[in-house]
Amino acid sequence: MALFVFWVLISASFEWIHLGLGLVFSFAVAWINSGHSLFVPKFRLWLRILLYLPWLFYKIIESSLYLSKLILHPALPIDPQLVSVDSKLRHHAAVVLLGNSITLTPGTITVEVDSNKLIVHAMDKVLSEDIESKQIESKIADIFKDEEPDL
Amino acid sequence: MDILSIIFIVAGLFFMIVAAIGVVRLPDVFSRSHAVSLTDSLGAFLMLVGIAFHEGLGKNTLKILVVLALLYILNPVIAHATIRAAFRSGVKPWQKKSS
């Protein structure tokens with residue numbers, strides 16, 4: 001269904017031939033990729049992730065301003081460092097979400113992931129301490145607390 | 001509405017310029033890619049929101065929202081891929097000399 005909406009957006013034409021082709025192809029792709037189990041209900045998980053996004057966005061703005069200040073500072077007071085983080089997350093999806101959140105926040109980038117150990121590159125002390133305080137991780141652990149562990 | 005979109009676009013431009021300055025000033029691959037991800041996460045976001053305000057509600061704004069969602073999915077993937085490639089091929093991160 002989402003694929004079909006995407007098709008309509010991209011093709012931007014509402015003639016029958018285009019709509020029909022899009023419908024056929026989007027259902028074919030969905031069917032091939034689904035492992036024949038469409039519509040698995042995980043609404044609660046998705047809702048929690050959706051509620052987590054505004055907070056992440058606030059963090060992005062906060063650290064963007066901080067990083068801009070660092071870059072524009074005449075003395076360039078940066079102190080890059082690699083930090084190794086052991087997360088307690090027990091889901092592949094949770095680790096992916098954590099890594100993406102860290103990378104999406106300017107000033108910190110996930111360098112390497114190995115099951116649930118992450119190596120993070122941070123621009124200076126303040127940002128690396130922010131990672132080590134595990135604020136993001138505890139939020140994500142909250143999201144996934146009702147799911148079956150798979151890691 | 002136009003004033004709002006101009007404000008957003010100018011703010012986006014500010015972050016893009018900061019990112020460009022950062023790419024020139026910062027010492028190595030790792031820290032430069034931080035600057036680049038600043039462009040994607042706030043620069044492009046603010047500009048696209050500005051354009052969406054300019055367009056008003058409609059098909060084009062919907063497309064802009066899709067572009068934004070894709071951008072926010074792809075940005076961390078690309079940054080991570082670049083940095084991991086650099087890390088695995090043995091590039092040493094720049095460090096402050098005095099420490």
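Since the model is a prediction, treat every value here as computed from it, not as a measurement.

Take the overall build of chain A next. On a plain count of helices and strands, chain A comes out with six helices and three strands. When the helices and strands of chain A are read in sequence order from the N terminus, they spell out α-α-α-β-α-β-β-α-α. The buried share of chain A, reckoned over its 151 residues, is 26%. Considering only intrachain contacts with a sequence separation of at least 6, the fraction spanning at least 24 residues in chain A is 63%.

All names here are of chain A. Interaxial distance between helix H4 (residues 92–104) and helix H6 (residues 135–143) falls to 10 Å at its minimum, and their mutual angle equals 145°. In this structure, H4 crosses over H6, and the sense of that crossing is right-handed. Within the contact between the two elements, H4 uses Ala94, Leu97, Leu98, Ser101 and Ile102 and H6 uses Ile136, Glu137 and Ile140. Broken down by class, the residue content of the contact of H4 with H6 amounts to six nonpolar, one polar and one charged.

Further remarks concern helix H3 (residues 59–88) of chain B. Counted at 1.5 Å a residue, the expected span for H3 of chain B with its 30 residues is 44 Å, and the 43 Å between its end C-alpha atoms agrees. Where H3 of chain B bends most, at Leu74 of chain B, the angle is about 25°, and the proline Pro76 of chain B comes one to four residues later. Within the span of H3 of chain B, buried status applies to Asn75, Pro76, Ala79, His80 and Ile83 of chain B. Elements that come into contact with the buried residues of H3 of chain B comprise H4, strand S2 (108–114) and strand S3 (117–122) of chain A together with helix H2 (29–55) of chain B.

Here we come to the interface of chain A and chain B. Each side of the interface is counted separately: chain A has 26 residues, and chain B has 30 residues. Considering every element that reaches the side of chain A that touches chain B, the biggest residue donor is helix H3 (residues 43–72) of chain A, with seven residues. When its residues are assigned to classes, the side of chain A that touches chain B shows 16 nonpolar, eight polar and two charged.

Another aspect to go through is the confidence of the model for chain B. All names here are of chain B. Summarising the model, chain B shows a mean pLDDT of 84, and 97% of its residues fall at 70 or more. Per-element confidence in chain B is highest for helix H1 (residues 2–25), whose mean pLDDT is 88, and lowest for H2, whose mean pLDDT is 85. Both confidence scores are given for the complex: pTM 0.74, ipTM 0.81.

Attention now goes to the sheet that holds S2 of chain A. In any sheet, the strands associate via hydrogen bonds between backbone groups, in a parallel or an antiparallel arrangement. Pairing in this open sheet of three strands is antiparallel, and the strands run S1-S3-S2 (chain A) from one edge to the other. The two strands at the open ends of the sheet, each matched to only one other strand, are strand S1 (81–86) and S2 of chain A. With direction set aside, neighbouring strand axes in the sheet form an average angle of 25°. The pairing of S2 of chain A with S3 of chain A spans six bridges and is antiparallel. Directly across from Thr108 of chain A, in S3 of chain A, lies its bridge partner Ala122 of chain A. Relative to the sheet, helix H5 (residues 125–132) of chain A contacts S1, S2 and S3 of chain A, its axis offset from that of S1 of chain A by approximately 5°. Sitting on the sheet, H3 of chain B is in contact with S2 and S3 of chain A, with an inclination near 65° to S2 of chain A.

Next up on the list: the nonpolar core. Ranked by internal contacts, the top residues of the largest apolar core, which has 39 residues, are Leu98, Val120 and Ile140 of chain A together with Leu38 and Leu46 of chain B. Broken down by element, the residue count for this core peaks at nine residues, all from H2 of chain B.

Residue and element names in this part refer to chain B. Running from N to C, H1 and H2 cross one another at 165°; their axes reach a closest spacing of 8 Å. Looking at the two axes, H1 sits roughly antiparallel to H2. Where H1 crosses over H2, the two elements pack in a sense that is left-handed.

All names here are of chain A. Tracing the backbone through its elements, the reader meets Ser63 in helix H3. For the pair Ser63 and Pro74, spaced 11 residues apart in sequence, the C-alpha separation works out to 19 Å. If we skip the residues at most four places from it in the chain, Ser63 touches Thr105, Pro106, Gly107 and Leu127.

Definitions and limits used
- Residues numbered from 1 in each chain as written.
- Chains lettered and ligands numbered in written order.
- Predicted model: local features only at pLDDT ≥ 70, side-chain atom pairs only at ≥ 80, totals over all residues.
- Helix = DSSP H or I, 4+ residues; strand = E, 2+ residues; numbered from the N terminus.
- Buried ≥ 20, exposed ≤ 12 C-beta atoms within 10 Å, placed from the backbone.
- Contact = placed C-beta atoms within 7 Å.
- Axes fitted to C-alpha atoms, helices over the stretch in contact; angles between N-to-C directions.
- Left-handed = near helix turned anticlockwise from the far one by under 90°.
- Nonpolar A, V, L, I, M, F, W, Y, C, P; charged D, E, K, R; others polar.
- Expected span 1.5 Å × (residues − 1).
- Bend = angle between axes of the 7 residues up to and from the residue.
- pLDDT = per-residue confidence, 0-100.
- Pairing = 2+ DSSP bridges.
- Core = buried A, V, L, I, M, F, W, Y, C linked by C-beta atoms within 7 Å.
- Parallel < 35°, antiparallel > 145°, perpendicular 65-115°, else oblique.

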